[in-house]
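Below, each chain spelled out in residue letters.
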Amino acid sequence: MAIEARELSKSFRINSKLPIPMSPSSKKAGQEGVSIERKVFDRISFTLDNGISCVVGPNGSGKTTLIRVLSTDIPPDSGSCTVMSYDLVKEKNHVRSIISTMFQGGSYFFDNQLTVGENIAFLSEVLELDKEKIRELMEVMGVNDYIGFKFGFLSHGNKKKMALIRAIALDRPVLLLDEPTSDLDFAARMAVRKILQDIGEKKTVLITTHEIEDIELCKKLLILYDAALKEYDRNSILKLANSFKVISIEKPNDNLGLEGYVLLSKSREQIRILVSNQEVEELIRKLQGYTQVVVGKPNISEIVIYISRLNNRSNW
Amino acid sequence: MPLLYAFIKRRFRVVLTQKSFFIFQLAQPLIWLLTYGLSINNALSKAFEEILGTNFLAFEALGLPMLFSISFPLANSLNMSLEFSLGSPRIIRLLSSHDWRASFILADVAVYAILSLLALFELLVISFPFGFPYSFSLIGFLSVVLVIFLSVLFTYSLAIVLSKVLLSVSSYVSLLLLPFFLFSGIYYPVMYLPRLELLISAVIPYSHAIAIIRYFLLGYKASQLGAIWSGLFNPITQIALSLTYLILFSFILLVLASRLLDKLGTREVLF
């Protein structure tokens with residue numbers, strides 16, 4: 001096994017005067033002005049082998065934290081984990097020499113004051129990156145024209161492309177990527193999926209995602225929600241996703257009669273509900289006269305919310 | 001060595017993008033000389049000549065590089081925390097297969113030491129029209145370079161160690177800069193301090209650094225080594241002990257800082 005985690009736990013202590021939810025799905029609020037512990041994941045176990053594996057879950061479910069823990073950026077609170085037989089905590093320097101990682105952060109950990117070219121030159125020297133490979137990937141991702149730009153001037157999407165290029169060009173056996181396709185334009189998303197597909201044959205790749213299309217690349221699908229991690233059959237989830245639609249109702253009033261539907265999110269501005277394909281027409285009829293209704297495909301996080309509701313939230 | 005060279009190039013590039021900071025730091029010696037330096041020199045030169053064998057301006061001018069040895073790396077300490085949270089050091093920490101920590105610190109120290117030496121050189125050049133009584137020798141020059149390097153290393157490593165405890169730059173300024181400036185004898189001869197304060201001065205490594213620089217460029221009387229070592233030992237032993245003290249402190253802090261550097265990245269910077 002390339003990655004083997006046993007009973008891995010991570011929590012954060014939050015000092016705040018504001019009420020903070022105890023967990024992403026909990027309605028309970030933390031007491032004012034106290035320090036509370038928020039469990040991000042609690043005694044999770046999993047194994048990963050060569051190929052692409054996906055971790056999915058709604059925002060705040062702990063996907064990025066899991067990538068940071070596996071990248072040795074932060075230590076787990078308890079449990080054990082090995083990466084290519086090296087212990088994640090005790091042998092972190094060995095782990096660091098065999099992983100490549102990308103996770104979210106301001107400028108994706110490039111130097112904003114330097115140009116793209118200067119950043120590449122520096123990282124090539126320090127991390128021994130293959131400059132030719134970088135040039136090739138920059139062309140594929142459509143960022144080769146930005147070589148003379150200060151990194152801080154790049155758009156968020158282009159910064160992310162550069163972070164992906166750095167992670168891929170490092171050519172390590174284990175690749176840990178946090179939402180590699182989000183915030184990218186269509187062409188870049190397709191290019192990233194093609195690259196991941198190619199390297200997934202020889203390497204262990206773990207990605208987090210909200211995108212249904214990314215799930216199609218995965219050999220293994222893990223859902224992280226409510227501090228628990230479970231493996232699901234990829235095809236069943238894809239089938240489930242295809243049998244639902246998301247209906248967004250802008251500026252809703254209180255008397256829409258939506259009882260019995262799966263509520264995804266609700267604010268004064270918008271309500272989002274998950275509806276089976278068979279129910280869509282009926283609901284549209286019900287909402288006739290209500291002009292601001294949009295029908296779309298659900299993303300994977302919305303399917304996760306649906307599954308958790310089916311499984312009674314706390315014990316899904 | 002390639003790692004060290006890569007870090008030095010990076011730091012120079014980053015410093016050169018901070019043009020206003022860079023220009024201000026280099027303008028400081030000139031501003032100091034034309035205001036505070038000239039005024040106090042006119043008032044106190046006779047007394048200084050009699051007691052220390054040199055004028056006030058020359059005495060002060062050799063304390064000022066220490067100001068830069070402290071202020072350059074300290075001013076960078078906030079940036080450093082930001083860099084480890086948001087910049088390339090965060091990813092190097094996670095992905096480099098080499099031990100990069102000592103190279104990272106030494107590269108930054110080299111760059112700030114060069115900037116401090118530049119400030120010293122600038123002071124010496126603008127001092128010439130005033131007929132400053134400096135004596136130059138190769139050994140003196142090399143000692144000054146070494147002392148500046150060690151002082152920057154000390155400050156920089158100390159900043160890393162303290163950045164694990166303190167959260168804002170204002171804490172550094174009030175906790176470090178003021179007592180260090182005041183007790184190290186940058187602005188005055190420490191020989192007139194009361195006994196207890198003289199002891200504090202002797203503990204601060206910067207006092208030894210300034211004393212060594214003054215010894216090689218102005219002579220023993222102006223160096224204040226006699227006061228720092230309470231008249232014990234001969235001048236050469238005092239110089240050797242001061243240098244050893246500085247090296248020891250800098251080395252201990254370098255080791256501590258290298259160990260803590262890995263943990264700097266785990267602090268999230270909130271805006």
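Residues numbered from 1 in each chain as written. Chains lettered and ligands numbered in written order. Predicted model: local features only at pLDDT ≥ 70, side-chain atom pairs only at ≥ 80, totals over all residues. Heavy atoms only, no water.

Let's shift gears to the pattern of salt bridges. If the charged atoms of two oppositely charged side chains come close together, the side chains can form a pair. Across all of its chains, the model carries 21 salt bridges over all chains by this definition. Between Asp 42 of chain A and Arg 43 of chain A there is a salt bridge, with the nearest N and O atoms lying 3.8 Å from each other. One salt bridge connects Asp 185 of chain A with Lys 161 of chain A, and the closest N-O pair in it is separated by 2.9 Å. Residue Asp 185 of chain A is located in the loop between β7 (174–178) and α6 (186–199), and its partner Lys 161 of chain A is located in helix α5 (residues 156–169); the two are separated by 24 residues in the primary sequence. Salt bridges linked by common partners bring Asp 111 of chain A together with Arg 10, Arg 11, Glu 83 and Asp 108 of chain B together as one network. (Salt bridge = Lys/Arg side-chain N within 4 Å of Asp/Glu carboxyl O. Helix = DSSP H or I, 4+ residues; strand = E, 2+ residues; numbered from the N terminus.)

Here the focus is the interface of chain A and chain B. Across the boundary between the two partners, chain A contributes 29 residues, which contact 28 residues of chain B. Taken together, both faces of the contact between chain A and chain B bury some 2400 Å²; the carbon and sulfur share is 59%. At the junction of chain A and chain B, the tally comes to 5 salt bridges. Across the pair Asp 73 of chain A and Arg 93 of chain B runs a salt bridge, and its minimum N-O distance is 2.7 Å. (Contact = heavy atoms within 4.5 Å. Buried area = accessible area lost by both parts, 1.4 Å probe.)

All names here are of chain A. Strand order in the open sheet formed by 6 strands is β6-β7-β8-β3-β9-β10, and the pairing between neighbours is mixed. Here the strands that pair on one side only, and so sit at the sheet edges, are β6 (99–102) and β10 (228–232). Taken over all neighbouring pairs, the strand axes of this sheet differ in orientation by 20° on average, direction set aside. By the bridge criterion, 4 bridges tie strand β3 (residues 51–56) to strand β9 (residues 220–225) in an arrangement that is parallel. Pairing of Ser 53 across the sheet is with Lys 220, part of β9. (Pairing = 2+ DSSP bridges. Axes fitted to C-alpha atoms, helices over the stretch in contact; angles between N-to-C directions.)

This next bit is on the nonpolar core. Residues Ile 3, Phe 46, Met 162 and Leu 196 of chain A together with Phe 7 and Ile 105 of chain B are the most contacted members of the largest nonpolar core, which totals 173 residues. If one sorts the elements of this core by residue count, helix α6 (residues 101–127) of chain B sits on top with 13 residues. In terms of nonpolar packing, the next biggest core, distinct from the first, is built from 11 residues, Ile 247, Val 275, Val 280 and Leu 287 of chain A among them. (Core = buried A, V, L, I, M, F, W, Y, C linked by side-chain atoms within 4.5 Å. Buried < 20%, exposed > 50% of the residue type's maximum accessible area, 1.4 Å probe, protein only.)

Residue and element names in this part refer to chain A. In terms of burial, helix α10 (residues 300–310) is largely enclosed, as 9 of its 11 residues are buried. By the burial criterion, the buried members of α10 are Ile 300, Ser 301, Glu 302, Ile 303, Val 304, Ile 305, Tyr 306, Ile 307 and Ser 308. One side-chain oxygen at the N-terminal end of α10 lies 3.0 Å from the backbone nitrogen of Ser 301; it belongs to Asn 299. (Polar contact = N/O pair within 3.5 Å; in protein donor to acceptor, adjacent residues only side chain to side chain.)

This part is about the environment of Ala 119 of chain B. Residues and elements named next belong to chain B. Its place among the elements puts Ala 119 in helix α6. Note on Ala 119: relative accessible area 0%, which makes it buried. Counting along the chain gives 55 residues from Ala 119 to Leu 64, while the straight-line C-alpha distance between them is 8.6 Å. Apart from residues lying up to four places away in sequence, Ala 119 is in contact with Pro 29 and Phe 68.

Time to look at the pairing of strand β12 (residues 262–266) of chain A. All names here are of chain A. As defined by bridge partners, β12 adjoins strand β13 (residues 270–276) across 4 bridges and the pair is classed as antiparallel. The residue bridging Leu 263 from the neighbouring strand is Ile 273, located in β13. Hairpin connection from β12 to β13: 3 residues lie between these consecutive antiparallel strands.

The next subject is the UniProt feature "transmembrane region" (unreviewed entry) in chain B. Residue and element names in this part refer to chain B. Sites flagged by UniProt as "transmembrane region" (unreviewed entry) map to residues 21–41, 61–82, 103–128, 134–158, 165–186, 198–218 and 239–261. Across residues 103–128, helical content stands at 96% and strand content at 0%; the span's end C-alpha atoms are separated by 37 Å. The span residues 239–261 is 100% helical and 0% strand by assignment, and the distance between its end C-alpha atoms comes to 32 Å. (UniProt positions renumbered as here; feature names shortened; annotations may be inferred.)

Turning our eyes to something else, we now look at the state of the cysteines. Disulfide: a covalent bond connecting the sulfur atoms of a pair of cysteines. Residue and element names in this part refer to chain A. Summed over the entire model, instances satisfying the criterion amount to 1 disulfide over all chains. Between the sulfur atoms of Cys 54 and its disulfide mate Cys 218 the distance is 1.6 Å. Residue Cys 54 is found in strand β3, and its partner Cys 218 is found in the loop between α7 (212–215) and β9; the two are separated by 164 residues along the sequence. The two residues Cys 54 and Cys 218 agree in class, both being buried. In this structure Cys 81 is not part of a disulfide, and its nearest cysteine sulfur, from Cys 54, lies 18 Å away. (Disulfide = S-S within 2.5 Å.)

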